[in-house]
Amino acid sequence: MTTDLELFPATNPNPVLSVANDCTVLYSNKAGKTLLHEWGVAVGDKLHPMLKVS
């Protein structure tokens, strides 16, 4: 059974991204995909180093 907290990233109206240490985008919710599109990146691609957040 899925809890409400597990659904939170997918249903959040704000961008939610998961990024690996090597800058690879692992996950994006629907709102995040719009942001990734603006950056020219898709899930599975690497973010530009300037976009990396420490």
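The structure under discussion appears in the preceding block.
Fair warning: this is a prediction, and the values are worked out from it, not measured in the lab.

Parameters and conventions
- Residues numbered from 1 in each chain as written.
- Predicted model: local features only at pLDDT ≥ 70, side-chain atom pairs only at ≥ 80, totals over all residues.
- Heavy atoms only, no water.
- Helix = DSSP H or I, 4+ residues; strand = E, 2+ residues; numbered from the N terminus.
- Buried < 20%, exposed > 50% of the residue type's maximum accessible area, 1.4 Å probe, protein only.
- Contact = heavy atoms within 4.5 Å.
- Areas by Shrake-Rupley, 256 points an atom, 1.4 Å probe, with all protein chains shown as cover.
- Polar contact = N/O pair within 3.5 Å; in protein donor to acceptor, adjacent residues only side chain to side chain.
- Salt bridge = Lys/Arg side-chain N within 4 Å of Asp/Glu carboxyl O.

Remarks on the overall build of the protein
Right, so step 1: Helix and strand content of the protein: two helices and two strands.
Right, so step 2: Going residue by residue from the N terminus, the α and β elements of the protein occur as α-β-β-α.
Right, so step 3: Split into buried and exposed, the 54 residues of the protein put 19% on the buried side.
Right, so step 4: Once local pairs closer than 6 in sequence are excluded, the contacts in the protein between residues at least 24 apart make up 9%.
Right, so step 5: Accessible surface, the protein: about 4300 Å² in total, of which carbon and sulfur atoms supply 59%.

Quick word on the side chain of Asn12
Right, so step 1: Summarising the element assignment, Asn12 is placed in the loop between helix 1 (4-11) and strand 1 (17-19).
Right, so step 2: A polar contact is formed between the side chain of Asn12 and the backbone nitrogen of Asn14, at a distance of 2.8 Å.

A word on the pattern of salt bridges
Right, so step 1: Following the criterion strictly, the structure yields one salt bridge and no others.
Right, so step 2: The closest approach of N and O atoms between Lys46 and Asp22, which form a salt bridge, is 3.8 Å. Of the two residues, Lys46 sits in the segment after helix 2 (30-39) while Asp22 sits in the loop between strand 1 and strand 2 (25-28), which places them 24 residues apart along the sequence.
Right, so step 3: Residue class for Asp22 comes out partly exposed when judged on its relative accessible area of 42%.

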